[in-house]
Amino acid sequence: MNVHGAQSLAVLFAGFLLASCATAPERPLEITTLENITRNQIEEANRAVDRGDYQGALGLLDAARQLAISTDKPELLIQEALSRGSALFYLGHIDEADTVWNNALAEAETTGNRILASLCKVYMARSRIFRIPEDRRAEREEEAAEVLVLVHSEMNALKDKRLYTALAWTVIGLAEKECRRYAEAEKALKNSLDIHTRERHLEQAAYDWYLLASVRSVAGQYTEAQAALKEALNYDRRAENSYGLGMDWLAIGDIHTKTGDTILSSAAYRRAALIFRSINLEADALIAEAKLAQNTDITP
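Scope of this entry: the structure provided in the associated data block.

Scoring rules and cut-offs
Residues numbered from 1 in each chain as written. Predicted model: local features only at pLDDT ≥ 70, side-chain atom pairs only at ≥ 80, totals over all residues. Heavy atoms only, no water. Helix = DSSP H or I, 4+ residues; strand = E, 2+ residues; numbered from the N terminus. Buried < 20%, exposed > 50% of the residue type's maximum accessible area, 1.4 Å probe, protein only. Contact = heavy atoms within 4.5 Å. Core = buried A, V, L, I, M, F, W, Y, C linked by side-chain atoms within 4.5 Å. Expected span 1.5 Å × (residues − 1). Arc of directions from axis to C-beta.

What to know about the overall build of the protein
When you go through the protein residue by residue, the secondary structure sums to 14 helices and zero strands. Sequence-ordered secondary structure for the protein, helices as α and strands as β, is α-α-α-α-α-α-α-α-α-α-α-α-α-α. Here the protein holds 300 residues, and the buried ones make up 42% of them. Pairs at least 24 apart in sequence give 55% of the contacts found in the protein among residues at least 6 apart.

Right, dumping it as structure tokens:
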């Protein structure tokens, strides 16, 4: 091959290279592979919490935390910590949950993430309602009133995040219930329900109906409470949320007990026990059976 031919080939290959570079897709400005895996892991852990599997949630979160650390993204670290704190709190490890939540809040404030800082405060406010025993009614009511002020003050920061807003409405509903403002509690919980229904978060929508039933029950509206629990059952069945179903039937039994229908309440308690035992929640099954045993005309 002569020199002229070699030069022509060089130009031809250069043309191919330029063409291939011109038609190749642009390289991404940001790679989010690990971030997406981490978010999915946290979401799975949140579902486990919704289903009462707190130890399982912590196992999922251990893996999520390692991934979050490896990405060094504060938002992921904060969201993992919020979920971890919830699982720890429901397991009764309250001091440890507080430490996790406070660290998450510090991270959010340090990085200037106002939305997640507000979300941290809402998570911590939710836990405050349940720390005071129910027999200390005046203290519990006072605490709930403070929670209402705090959560309302964070609503503006959360307004662009629908699911965060739904959580805030849930906490407001719980606090209003403790303050015995049942109409306000129902309104807040329906705001949460509307968001969860639109976003197709079935477990959370079921929980909203469960809480609405609780509000109606303490207000003496037993027929309306049963209607709410029927909706809770519908959503929990659609979500295949066995833990939620067990809790729904337990609540149905409680309302029938209040109205004096021991036959229906016993049937509900028995069904709750069966569901709990089917998912190896023995402690919950025993609670249902203890309620069943209290109905003197029917024994477990």
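Further notes follow.
Notes on the nonpolar core
The biggest cluster of nonpolar side chains holds 78 residues, and the ones touching the most others in it are Leu 119 and Val 151. If one sorts the elements of this core by residue count, helix α6 (residues 114-129) sits on top with nine residues. Among residues more than four places away in sequence, those in contact with Val 151 are Val 122, Ala 125, Ala 168, Val 171 and Ile 172.

What about helix α4 (residues 74-90)?
The periodicity of an α-helix, 3.6 residues per turn, causes residues three or four places apart in sequence to face the same way. With 17 residues, α4 ought to run about 24 Å at 1.5 Å a step, and its terminal C-alpha atoms sit 25 Å apart, in line with that. Here α4 lies mainly inside the structure; 14 of its 17 residues are buried. Gly 92 occupies a position one or two residues after α4 and carries a positive phi of about 95°.

Describing helix α14 (residues 282-294)
The terminal C-alpha atoms of α14, which comprises 13 residues, lie 19 Å apart, in line with the 18 Å expected from a rise of 1.5 Å per residue. Buried residues of α14: Ala 285, Ala 288 and Leu 292, and no others. Buried residues in α14, looked at end-on, bunch into an arc of 65°, giving them a common side. Turned more than 90 degrees away from the buried face of α14 sit Ala 283 and Gln 294, all of them exposed. Where α14 is buried, its residues meet α12 (242-258) and α13 (262-278).

Keep in mind these numbers describe shape, not what the thing actually does.
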